[in-house]
Amino acid sequence: MRKGELTRAAILETALESASRHGLEGLTIGLLAEQMNMSKSGVFAHFGSREDLQIAVLQLYHHLFEQEVFYPSMKESRGLPRLRSMFSLWVKRVTREIASGCIYISGATEYDDRQGSIRDELVGMVNAWQGALLRATMQAQEFKHLQADIDPEQIVYEMYGLILALHHDARFLKKSGSVNRAETGFERMIQSYAPTKSVN
């Protein structure tokens, strides 16, 4: 990487850490310039506007999420093994983010009633992840790992609910055992949707 690319990458890493702790709206050019020991114009040279910076941070977060959760899961067999891996790695990532916060979750709170490019970018990323979960769920049904007549969107909804509860209880309420509860909830859900065995 060239010097300019290295500088931009360093700014983004610092911005991501700041946004994780203070939210995307708490991210400012001035704050970043101070943290990076740079001038505001130096930061602006890499990002045309504050909004461009915020979107770049979202894109970096999404890239890291894919690298840690999505792509490793794609190496698992289609069906329940892949779906189980997606949830397990998702839990692992959220657990590491307890001290800082998940940008998907905090961003949804920040931009749920706002319009604009940042919200559109965030919604697209969350929809892409939910779409991946939906495809994995439908494949599990095709392989008869889950009941075929169950609405796959309901399963994705319940998985998302478990992650939101984990983030809330572990980060906000500081409850111990939240990870185990999320994992137990997932296994209970999978068992409830498992195909019924015919009795001969």
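Residues numbered from 1 in each chain as written. Predicted model: local features only at pLDDT ≥ 70, side-chain atom pairs only at ≥ 80, totals over all residues. Heavy atoms only, no water.

An unreviewed UniProt entry lists the protein under the name TetR/AcrR family transcriptional regulator, with Undibacterium amnicola as the source organism.

Asks: How should I be thinking about the overall build of the protein in this particular structure?
Replies: Looking only at helices and strands, the protein has nine helices and zero strands in total. Written out in order from the N terminus, the α and β elements of the protein read α-α-α-α-α-α-α-α-α. Principal axes of the C-alpha set define a box for the protein whose edges measure 75 × 35 × 30 Å. Per-residue burial for the protein yields a buried fraction of 42% across its 200 residues. Here the analysis covers contacts within the protein between residues at least 6 apart in sequence; of these, 70% occur between residues at least 24 apart. Of the roughly 11,300 Å² of accessible surface on the protein, 51% is carried by carbon and sulfur atoms. If you average the places of the 23 positive and of the 24 negative side-chain charges in the protein, the two averages end up 5 Å apart. (Helix = DSSP H or I, 4+ residues; strand = E, 2+ residues; numbered from the N terminus. Buried < 20%, exposed > 50% of the residue type's maximum accessible area, 1.4 Å probe, protein only. Contact = heavy atoms within 4.5 Å. Areas by Shrake-Rupley, 256 points an atom, 1.4 Å probe, with all protein chains shown as cover. Lys, Arg positive; Asp, Glu negative; His and termini not counted. Charge placed at Lys NZ, Arg CZ, Asp CG, Glu CD.)

Asks: In this structure, what is going on with the UniProt feature "DNA-binding region" (unreviewed entry) in the protein? I would like to understand it.
Replies: When the UniProt feature table is mapped to this numbering, "DNA-binding region" (unreviewed entry) covers residues 28–47. Secondary structure content for residues 28–47 is 65% helix and 0% strand, while the C-alpha to C-alpha distance between its ends is 12 Å. (UniProt positions renumbered as here; feature names shortened; annotations may be inferred.)

Asks: For this particular structure, what's the right way to read the nonpolar core?
Replies: Where a protein is soluble and globular, its nonpolar side chains tend to be buried together. In terms of nonpolar packing, the biggest core is built from 58 residues, with Leu 53, Val 57, Trp 90 and Trp 129 touching the most fellow members. Counting residues per element, the ones that place at least two in this core are α1 (3–22), α2 (29–36), α4 (50–73), α5 (80–96), α6 (103–111), α7 (117–142), α8 (152–172) and α9 (178–192). Once residues lying within four places of it in the same chain are set aside, the contact partners of Trp 90 are Phe 65, Val 69, Trp 129, Leu 133, Met 159, Tyr 160 and Ile 163. (Core = buried A, V, L, I, M, F, W, Y, C linked by side-chain atoms within 4.5 Å.)

Asks: For this particular structure, what's the right way to read the pattern of salt bridges?
Replies: Side-chain pairs of opposite charge can arise where the charged atoms are in close proximity. Scanning all chains against the criterion turns up seven salt bridges. Residues Glu 97 and Arg 93 are paired through a salt bridge, measuring 3.3 Å at the closest nitrogen-oxygen approach. With respect to burial, Glu 97 and Arg 93 carry one shared label: buried. Three or more residues joined by partner-sharing salt bridges are found here, namely Glu 68, Arg 93, Arg 96 and Glu 97. (Salt bridge = Lys/Arg side-chain N within 4 Å of Asp/Glu carboxyl O.)

Asks: What am I meant to see in α5 here?
Replies: Helical geometry note: an α-helix holds 3.6 residues per turn, so side chains three or four residues apart project in the same direction. In a regular helix each residue adds 1.5 Å, so 17 residues correspond to 24 Å; α5 covers 24 Å between its end C-alpha atoms and thus fits that length. Among the residues of α5, those classed as buried are Leu 80, Arg 82, Leu 83, Ser 85, Met 86, Phe 87, Trp 90, Val 91, Arg 93 and Val 94. In the core, the buried residues of α5 are packed alongside α4, α7, α8 and α9. (Expected span 1.5 Å × (residues − 1).)

Asks: In this structure, what is going on with the packing of aromatic side chains? I would like to understand it.
Replies: All chains considered together, the criterion is met by seven aromatic pairs. Ring pairing ties together the aromatic residues Tyr 61, Phe 65, Trp 90, Tyr 104, Trp 129 and Tyr 160, which thus form one cluster. For Arg 93, the ring lying beneath its charged end belongs to Tyr 61, and the centroid distance is 4.8 Å. The aromatic ring of Tyr 111 is capped on one face by Arg 114, whose charged end is 5.6 Å from the ring centroid. (Phe/Tyr/Trp six-rings, centres within 6.5 Å; stacked < 30°, edge-to-face > 60°. Lys NZ or Arg CZ within 6 Å of the ring centre and 35° of its normal.)

Asks: Honestly, the environment of Arg 181 in this entry has me stumped. Any pointers?
Replies: In this structure, Arg 181 sits in helix α9. Judged by relative accessible area, Arg 181 falls into the exposed class, the value being 65%. Taking the C-alpha atoms as reference points, Arg 181 and Ala 165, separated by 16 residues in sequence, lie 9.3 Å from one another.

Asks: Help me understand the side chain of Glu 110 in this model?
Replies: Along the chain, Glu 110 turns up in helix α6. Among buried Asp, Glu, Lys and Arg side chains, Glu 110 stands out as unpaired, with Arg 114 the closest opposite charge at 6.2 Å. Engagement of the side chain of Glu 110 in a polar contact is seen with the backbone nitrogen of Glu 25, the distance being 2.9 Å. In this structure Glu 110 touches Gly 23, Leu 24 and Glu 25, once residues within four positions along its chain are discounted. (Polar contact = N/O pair within 3.5 Å; in protein donor to acceptor, adjacent residues only side chain to side chain.)

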